[in-house]
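The chain contents come next:
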Amino acid sequence: FDTNYNLAGQGRLYFSTGGSLVVTGAMIVGKEGKGFVQHNGGTLAVNGALTLAQQTNSTGQYTLSNGTLYAAQILRGAGSAIFNFQGGQLGFAQFGSVAQPFDLFNSAGKLALTNTTGAASLYGNYTNGSAATLSIQLGGSSNALAISGTASLAGNLSLGYTIGFQPALGQQFTLLSAGGISGNFTNIVYPTVGSNGLGLVTSITTTSLVATVSNFVPR
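Because the structure is a prediction, the values reported are computed rather than measured.

A few points about unusual backbone geometry
Outside of glycine, negative phi angles account for most residues, and trans bonds account for most peptide bonds. With a phi close to 60°, Ala53 is a non-glycine residue in the positive phi region. Within the element layout of this structure, Ala53 appears in the loop between strand S4 (34-52) and strand S5 (59-76). Residue Ala53 is classed as buried on the basis of its relative accessible area, which comes to 0%. Positive phi outside glycine occurs at Asn57, with the angle close to 75°. Relative to the elements of secondary structure, Asn57 occurs in the loop between S4 and S5.

Here we look at the environment of Thr43
On the secondary structure map, Thr43 appears in strand S4. Residue Thr43 is classed as partly exposed on the basis of its relative accessible area, which comes to 35%. In this structure the C-alpha to C-alpha distance between Thr43 and Gln89, which are 46 residues apart in sequence, comes to 9.5 Å. If we ignore the near neighbours within four places in the chain, the residues touching Thr43 are Phe15, Gly19, Ser20, Leu21 and Thr68.

Quick word on the side chain of Thr63
On the secondary structure map, Thr63 appears in strand S5. The contacts of Thr63, once residues within four sequence positions are left out, are Val37, Gln38, His39, Asn84 and Gln86.

With respect to a nonpolar patch on the surface
Where nonpolar side chains cluster on the molecular surface, the patch consists of Val193, Val201 and Phe216 and spans about 230 Å² of accessible area. With respect to the secondary-structure elements, Val201 resides in strand S19 (residues 198-204). Val201 gets classed as partly exposed once you look at its relative accessible area, which sits at 34%.

Concerning the packing of aromatic side chains
Per the counting criterion, the structure on display carries seven aromatic pairs. Ring centres 5.0 Å apart and planes at 20° place the aromatic pair Phe95 and Phe102 in the stacked group. The exposure classification of Phe95 matches that of Phe102, with both residues buried. With 6.2 Å between their ring centres and 65° between their planes, Phe165 and Phe173 make a pair best called edge-to-face. Each of the two residues, Phe165 as well as Phe173, counts as buried. Taken together, the ring pairs in this structure connect Tyr62, Phe83, Phe85, Phe92, Phe95 and Phe102 into an aromatic cluster.

Comments concerning the pairing of strand S16 (residues 172-177)
Both strand S13 (residues 145-147) and S16 contribute to a ladder of two bridges, which runs parallel. Bridge pairing in S16 places Leu145 opposite Leu176. Taken together, the five bridges between S16 and strand S20 (residues 208-215) define a ladder with antiparallel strand orientation. For Phe173, the partnering residue across the bridge sits in S20 and is Ala211.

Rules and cut-offs
- Residues numbered from 1 in each chain as written.
- Predicted model: local features only at pLDDT ≥ 70, side-chain atom pairs only at ≥ 80, totals over all residues.
- Heavy atoms only, no water.
- Helix = DSSP H or I, 4+ residues; strand = E, 2+ residues; numbered from the N terminus.
- Buried < 20%, exposed > 50% of the residue type's maximum accessible area, 1.4 Å probe, protein only.
- Contact = heavy atoms within 4.5 Å.
- Patch = residues over 30% accessible without salt bridge, like charges linked within 9 Å, V, L, I, M, F, W, Y side chains within 5 Å.
- Areas by Shrake-Rupley, 256 points an atom, 1.4 Å probe, with all protein chains shown as cover.
- Salt bridge = Lys/Arg side-chain N within 4 Å of Asp/Glu carboxyl O.
- Phe/Tyr/Trp six-rings, centres within 6.5 Å; stacked < 30°, edge-to-face > 60°.
- Pairing = 2+ DSSP bridges.

Right, here's the structure in full:
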């Protein structure tokens, strides 16, 4: 799937409420020319890599303002790649790469992740803005989000459990790891304390954010 026409051309793709597209392979936004995606609603799922600005001198821009985008990988090519995360919901297994790091600024959207299949990797820096949400569904023991660069935190953190998951007392989850962390979430929503009295508490250091299963039943 390639949204550019030719070396001098432009291609534009629009998503609106009710729209739905599944790309079973890879998707390229701006292979040699200029490609633009405006995601205003609906759902896009890319089972392979979503690459922005693949070739040198190309332009690839993806703007997510509403709706849902999930891609196994979101990569930047050799050209001018821009990912505007203004709203809606985003999920991925990998953002950026070792060879081509890609910073992610979440201004007012929801980054929705689960740690059931391993950590999501972000090669670059991550910013969670004051109106943004990081949502993590816990269902395993692995990390949730591993960031190669720095993390600047504000806004909201929402934690929950996947269906049927029962955490054990003392179990720890690394919600986020980074080369350096500044700031903290203003508001944290925890899962409801279970009938067994177990709930989550969080702690933060300069390199990690950890949730620990604790006993909330008074002694």
